[in-house]
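# Observations on chain architecture
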Amino acid sequence: MSVRALITGCSGQDGSYLAELLLTKGYEVHGIIRRQSVAEHQESRLDHLGDQVRTYYGDLLDAASLVEIVTKVRPDEVYNLAAQSHVRVSFDVPIFTAQTNALGAMQMIDVCRRVVPGCRYYQASSSEMFGTAVDGDGYQRETTPMHPTSPYGIAKVFAFNTVRHYRRAYGMHATNGILFNHESPRRGSTFVTAKVVKGAVLIHRGHLSKLHLGNMDSHRDWGHSKDYVRAMHLMLQQSAPGDWVVATGETRTVRQLCEHVFGRLGMDYREHVVQDAKFLRPEELPYLRGDSARIRALGWAPTYTFETMLDEIVEYWLERIPVKVVG
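Residues numbered from 1 in each chain as written. Predicted model: local features only at pLDDT ≥ 70, side-chain atom pairs only at ≥ 80, totals over all residues. Heavy atoms only, no water.

The next point concerns the environment of leucine 265. Along the chain, leucine 265 turns up in the loop between α9 (254-264) and β13 (273-275). Linking leucine 265 and glycine 153, residues 112 residues apart in sequence, is a C-alpha distance of 34 Å. When sequence neighbours within four positions are dropped, the list of residues in contact with leucine 265 reads Ala200, Val201, His204, Val314 and Leu318. (Helix = DSSP H or I, 4+ residues; strand = E, 2+ residues; numbered from the N terminus. Contact = heavy atoms within 4.5 Å.)

Here's what the structure looks like:
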């Protein structure tokens, strides 16, 4: 009998790659999606999978929908990936971010405790939880203190501790994956990697002259979503639950990101990129670099480099943005 998995946020970047991975492993895959006014956007990342993924409308803030779906599916594994996922936007909608990412996460795991207490539960935690805390060797790891610098990070710390509490209090196989930044061609174009790549291609194709960005000197540890969903699945296959950092162990600045992407297209980013104060955060997070030694000890390792990850996204947008026709 197939293992049944339920993925919240199934139509997102990570959710779609995770669904693909689980299907290759013979899983029966179910996904929760939020209804959007533009139906074409709801499941565009899942379209190529046809009817292999069974989807349901639901919301982390709607307990009744979660109870109905979990009762119907009775999953063996639950991956809670749903969230208000944009850190900069969390400053504009802090209450909604807290409701969804903190209380919504608690609601999801509590529904699982009541309906399918024996399921294996994964919570998408984030490197943003560390905030300004960095260990003496320049890395952040499972034991690093958490000093978040955004409503997003604060809400994720709540969800992280909720999972640890449910693990201890109720004996649930509940795990946190502390994922550092990870990207792909499926990344929404408001996130900095996709924004830079898409903007650079638009400039290269003649549609745009300038690209406006925020802090050019923020350091981030960037990997690929395909690699990171493999780590999610690996965590739930362990006999005991836990908390694992997933990261490449390398950090680069947004400036270096721009340098590679524009250089790949034969351009100098300094001629096109403008730092714009409206894209700065009220409280900046200057540096992230993860130590993923514990998950690597289980056999995980990234297959993409920073460069190959960016090159794949560049090719994606080059295929979709034509040269501007003048006249």
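Following the structure, the description resumes.
Before going further, it helps to examine the pattern of salt bridges. If you walk through the whole model with that rule in mind, you get 22 salt bridges. As a salt-bridge pair, glutamate 128 and arginine 281 come within 3.4 Å of each other at their nearest N and O atoms. With glutamate 128 in the loop between β5 (120-126) and α6 (151-170) and arginine 281 in the loop between β13 and α10 (293-296), this pair connects stretches of sequence that are 153 residues apart. In terms of burial, glutamate 128 and arginine 281 fall into one category: buried. One salt-bridge network, held together by shared partners, links Asp135, Asp137, Arg141 and Asp291. (Salt bridge = Lys/Arg side-chain N within 4 Å of Asp/Glu carboxyl O. Buried < 20%, exposed > 50% of the residue type's maximum accessible area, 1.4 Å probe, protein only.)

This next bit is on the sheet that holds strand β4 (residues 77-80). The strand order across the open sheet built from seven strands is β3-β2-β1-β4-β5-β6-β11, with neighbouring strands paired in parallel fashion. Strands at the two margins of the open sheet, each flanked by one partner only, are β3 (53-57) and β11 (243-246). Across the sheet, the mean angle separating the axes of adjacent strands is 20° when strand polarity is ignored. In this sheet, strand β6 (residues 173-179) lies alongside β5 in parallel orientation, the contact comprising seven bridges. Each bridged residue has a counterpart across the sheet, and for tyrosine 122 the counterpart in β6 is threonine 175. Those strands touched by helix α5 (residues 94-115) are β1 (4-8), β4, β5 and β6, and its axis lies near 170° from that of β5. Sheet strands in contact with α6 are β5, β6 and β11, and its direction is about 150° off that of β6. (Pairing = 2+ DSSP bridges. Axes fitted to C-alpha atoms, helices over the stretch in contact; angles between N-to-C directions.)

Another point: the packing of α5 against α6. Contact geometry of α5 with α6 gives a least axis separation of 8 Å together with a crossing angle of 15°. Regarding the angle of α5 to α6, the classification is roughly parallel. Helix-helix and strand crossings are classified by hand; for α5 and α6 the assignment is right-handed. Residues Pro94, Thr97, Ala98, Asn101, Ala102, Leu103, Ala105, Met106, Ile109, Asp110 and Arg113 of α5 touch α6, and the partners they reach there are Pro151, Tyr152, Ala155, Lys156, Phe158, Ala159, Thr162, Val163, Tyr166 and Tyr170. (Parallel < 35°, antiparallel > 145°, perpendicular 65-115°, else oblique. Left-handed = near helix turned anticlockwise from the far one by under 90°.)

Below, the discussion takes up the side chain of arginine 252. Mapped onto the elements of the fold, arginine 252 is located in strand β12 (residues 252-253). Judged by its relative accessible area of 19%, arginine 252 falls in the buried class. A polar contact of 3.0 Å, which involves the side chain of arginine 252, links it to the side chain of glutamate 250. For arginine 252, the residues in contact, after removing those within four places along its chain, are Ser218, His219, Arg220, Trp222, Phe306 and Glu307. (Polar contact = N/O pair within 3.5 Å; in protein donor to acceptor, adjacent residues only side chain to side chain.)

In this structure, the second largest pocket occupies an estimated 160 Å³ of space. Per-class residue counts for the lining of the second largest pocket are four nonpolar, two polar and four charged. (1 Å grid on protein atoms, 1.4 Å probe; cavity = no way out; pocket = protein on both sides within 12 Å on 5 of 7 lines; lining within 4 Å. Points joined across faces, edges and corners; volume = space filled by probe spheres on them. Nonpolar A, V, L, I, M, F, W, Y, C, P; charged D, E, K, R; others polar.)

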